[in-house]
Amino acid sequence: MSGMSADPAQALPAVMSPLSGQMLELDEDDDLEVFSKDMNLMDGSPMNASMPTSPASMINQYKFEEETDAKDIFVTVDNPESHVTALETFITYRVVTKTTRSEFDSCEYEVRRRYQDFLWLKERLEEGHPTLIMHPLPEKFVMKGMVERFNDDFIETRQKALHKFLNRVADHPILSCHEDFKIFLTAQAWELTSHKKQGPGFLSRMGDTVRAVAASVRGVRNRPEEFTAMLEYVDSFGQKMISLDKVTQRIVKEQKEYLGELKEYGPVYTLWSGSEEELVEPLKGVASCIDRCCKATEEQIGHLSENLVPLLHEYVLCTDSVKAVLRRRDNIQAESEAKNDALANRKADREALKEEVERLEDKVECANNALKGDWLRWQGNMRSDIKAAFVSTAEKNVDYYEKCLAVWESFLTSQTAAHDMESNSGHSS
Amino acid sequence: SMADCGSEEVAVIGNTDITDEESQDNKNNMMAEGSCLLRKMEISVAEAEKRTGKNAVNMQETYTVYLIETRPADSVTEGHNPVPDSLWRRYSEFELLRNYLLVTYPFIVIPPLPEKRAEFVWHKLSADNMDPDFVERRRIGLENFLLRVASHPVLSSDKIFFLFLTEENGWKEAVFETGFLAKSDSRLKALNATFRVKNPDKRFSELKHYSDELQSVTSQLLRVRARVADRLYGVYKVHGNYGRVFSEWSAIEKEMGDGLQSAGHHMDAYAASVDDILEEEEHYADQLKEYLFYAEAVKAVCRKHELLQYELETASQDLASKKQQQEELAAGTVRTFSFKGMTSKLFGQETPEQREAKLKVLEEQIKEGEVTVTEKTLECEEFVKNAWKDIERFKEQKDHDLREALMSYAVMQISMCKKGIQVWTNAKECFSKM
């Protein structure tokens, strides 16, 4: 897409999709493949990692955070590259970290990560803090149709979303201290691979899943009112986000169709000027005005597509995240309740069980507190994000109309001036 | 955008203080002066009304009538506001008037009527002839037509036109009494001429070509404009959904509620604003349409020229061939092929007396032919002179009117942009307060 901000990360490699059979591996790990082998690989040298590559977006991220005390870690995601191996083709993104935190051995890191690495990180963070609210990852698949998966826009949108995800983690006082976050930011590729293998194995993860399913089947008995209120809110909120997402996409569609017609409109005035004499100037003038308004419309559509549309979509995903958090909290409580029930029915071995019950009750309390704290944080972020996106949209719309206004006013002025000149020089009309 | 009438005289008519006789005298005098009617008379198509009645085949029909009001130009003064004279006319009567003018003044570019049926309609606009918006725009178009005729240096002094404005009953009879129907050229004659004329005036050929281009480009413009209007409507109306969703959403928010609610109102206002914007643009479309139809009127003048030119050429040709025959007969040779010639060859030569008789007939025919050619030549020259004068007038009027139309289009765009700036500035403020 042209007309983008001056972010150097936007210089994406050309994406072509001659879909030869061997390219079209739909990797389990959900990375985006199907790029041509001949794409030039962009070289990001470590030396120019002196500044975060998109200072504007960094500042924007930072501006609306509630903690205005000094941020001590900056993370950027940029520079998508295609990688081809014998088995698969996938995209990696450059992740640059600058930090003054003491836990980090160095103050600058640069690594390359693929989508499945981000997914891994998210799962690890969720495991460690099941009731903290994280910003969502971009989606695995885009359902809208094949074509959109292979274009620059998709990669760009995904990259921005990954950037936001990492930054939200970095800004989170608890999540950002998680060991796996540090490893994600700093480990070389082979280090990360080996670390991943060390994590809870397949069987252990299966065990967790089984317990979670069992707990959710059981259901929680006495959910505190405030969490029920949260659930109801998130439900409503989610519906609103879906509606707004749809409305905004519809607006983009209508705008594009309007632009299509507008592009045919100007040329007719130019055509007409070809058969006239006195009317040539005003006709050409109108044609030119319409053409310039076309450009302004194109810019406006671009802005909408790159800002409000992705933001609303993110918040649709957000509500799923939050609902998942609330479910996990419920499961923790359900597990605790179940253990309590078991204790009530047991006659022997009560001591061991009592310890277990206490542990689980503590777990519930921790989970609840974590969630309560994070809820406010999430609401604050949501308000900032939504406010910023709509304010920006409104600003852009004002800008659009101001541009068009200037175009037509200058036409009118030049026409009036020309006419006055003619009248003064004795032409009658 | 009315042309200047040029006459300084102002007669007082319709004054309630004078007698009927005096009033009629005044009217007659005014007609005789041949000066621009519009200087003396205020004309307007003030209202439109639905009527039902029985038509020619005794079926019930619904139709619209238009109220034509006339008043002396200077009758409205301090404290004196006389009631105008008025009568009702329906569209078909306007058509009859125009057809009369077309036949009676074939060298004039006759102002067009507003369209009979709604065309170049974008989807939301009704194509129904009974639709109030259509009727209103037609009322304006009919008034425009009358004003154009009333300000025309030649047409404004036409008696039938005057009666159209002033005599409700008996007008139709008066029109038919002029015998204009008999004078109208058949379509076939006109078509014939177009293809067979050998030496059309170059200016008229160019003019016809220009008219074709004007027709083509204005109809293209009207079509595209209608599509653009359609799309613009869609864009604005979809924003109304923001209003609805914001309103619902504000109910579950505490801090964001007020901002959302008021932003929603602005979105509703934005969506609603497109109706007025596009209604205004219809006036621009009507101005373009007028010149689309004017192009046809210009072509009618060109066709008349072709017809006259063709008749002249035919008459000249006839004369030439008769002269040829005369020559041959006098010289005794037959150069032109004729059955007579053949038969005389077959059945023997003619007697001198027979030849003498033939020559005499030819001489008469040639004399008549010469008169015809002279008449036709004069007719052609007169036509070209008068037509070209009106065409020059038309060109100036067209350049002036279309330039103004384009400027008024720019004004409309400016107004639309200003409204947009206001709404989104307000919305931005509401969003900032969220």
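Residues numbered from 1 in each chain as written. Chains lettered and ligands numbered in written order. Predicted model: local features only at pLDDT ≥ 70, side-chain atom pairs only at ≥ 80, totals over all residues. Heavy atoms only, no water.

- Under an unreviewed UniProt entry, chain B has the name Sorting nexin 4 and belongs to Scleropages formosus.
- According to UniProt, the comment filed for chain B under the heading Sequence similarities (unreviewed entry) is "Belongs to the sorting nexin family." (UniProt positions renumbered as here; feature names shortened; annotations may be inferred.)

- Named according to an unreviewed UniProt entry, chain A is Sorting nexin 7 originating from Scleropages formosus.
- On record in UniProt, under Sequence similarities (unreviewed entry), the comment for chain A is "Belongs to the sorting nexin family."

## Describing the overall build of chain B
Turning to step 1, where the next piece is worked out: Of regular secondary structure, chain B possesses 12 helices and 3 strands.
Turning to step 2, where the next piece is worked out: Across chain B, the fraction of contacts at a sequence separation of at least 24, relative to all contacts at a separation of at least 6, is 76%.
Turning to step 3, where the next piece is worked out: In the form shown here, chain B has an accessible surface area of approximately 22,600 Å², with 51% of it arising from carbon and sulfur atoms. (Helix = DSSP H or I, 4+ residues; strand = E, 2+ residues; numbered from the N terminus. Contact = heavy atoms within 4.5 Å. Areas by Shrake-Rupley, 256 points an atom, 1.4 Å probe, with all protein chains shown as cover.)

## A closer look at helix 3 (residues 91-104) of chain B
Turning to step 1, where the next piece is worked out: End to end, helix 3 of chain B covers 20 Å across 14 residues, agreeing with the expected 20 Å (1.5 Å per residue, within 8%).
Turning to step 2, where the next piece is worked out: The complete set of buried residues in helix 3 of chain B reads Y91(B), E93(B), F94(B), L96(B), L97(B), R98(B), Y100(B), L101(B) and V103(B). (Expected span 1.5 Å × (residues − 1). Buried < 20%, exposed > 50% of the residue type's maximum accessible area, 1.4 Å probe, protein only.)

## A word on the packing of helix 8 (residues 187-196) of chain B against helix 10 (residues 257-331) of chain B
Residues and elements named next belong to chain B.
Turning to step 1, where the next piece is worked out: The geometry of helix 8 relative to helix 10 is characterised by a closest axis approach of 8 Å and an angle of 75° between their N-to-C directions. By the angle class used here, helix 8 and helix 10 are roughly perpendicular. On helix 10, the residues that touch R187, K189, A190, A193, T194 and R196 of helix 8 are R303, E306, L307, Y310, E311 and E313.
Turning to step 2, where the next piece is worked out: For the contact of helix 8 with helix 10, a count of residues per class yields 4 nonpolar, 1 polar and 7 charged. (Axes fitted to C-alpha atoms, helices over the stretch in contact; angles between N-to-C directions. Parallel < 35°, antiparallel > 145°, perpendicular 65-115°, else oblique. Nonpolar A, V, L, I, M, F, W, Y, C, P; charged D, E, K, R; others polar.)

## With respect to the pairing of strand 2 (residues 60-72) of chain B
All names here are of chain B.
Turning to step 1, where the next piece is worked out: Taken together, the 13 bridges between strand 1 (residues 41-54) and strand 2 define a ladder with antiparallel strand orientation. Following the sheet pairing, R51 is matched in strand 2 by Y63.
Turning to step 2, where the next piece is worked out: The loop that links strand 1 with its antiparallel partner strand 2 comprises 5 residues; one of these, N58, has a positive phi angle of about 60°.
Turning to step 3, where the next piece is worked out: As paired strands, strand 2 and strand 3 (residues 85-90) are joined by 6 bridges and run antiparallel to one another. Residue pairing for strand 3: Y66 is matched across the bridge by R89. (Pairing = 2+ DSSP bridges.)

## Here's the deal with the interface of chain B and chain A
Turning to step 1, where the next piece is worked out: Taken together, the 55 residues of chain B in the interface contact 53 residues of chain A.
Turning to step 2, where the next piece is worked out: Summed over both partners, the interface of chain B with chain A buries about 5,300 Å², with 75% contributed by carbon and sulfur atoms.
Turning to step 3, where the next piece is worked out: When the buried area of chain B at its contact with chain A is split by residue, R231(B), Y242(B) and R403(B) rank highest and sum to 12% of it.
Turning to step 4, where the next piece is worked out: Summed over the shared surface of chain B and chain A, the result is 7 salt bridges.
Turning to step 5, where the next piece is worked out: Of the charged contacts in the structure, one is a salt bridge between E255(B) and R383(A), with a shortest N-O distance of 3.3 Å.
Turning to step 6, where the next piece is worked out: Between the two partners, chain B and chain A, sit 15 residue pairs in polar contact (both at pLDDT 80 or more).
Turning to step 7, where the next piece is worked out: Residue assignment for the side of chain B that touches chain A shows that the elements contributing at least two residues are helix 9 (202-250), helix 10 and helix 12 (352-432) of chain B.
Turning to step 8, where the next piece is worked out: No other element matches the 24 residues that helix 9 of chain B contributes to the side of chain B that touches chain A.
Turning to step 9, where the next piece is worked out: Taken together, the residues that form the side of chain B that touches chain A break down as 32 nonpolar, 10 polar and 13 charged. (Buried area = accessible area lost by both parts, 1.4 Å probe. Salt bridge = Lys/Arg side-chain N within 4 Å of Asp/Glu carboxyl O. Polar contact = N/O pair within 3.5 Å; in protein donor to acceptor, adjacent residues only side chain to side chain.)

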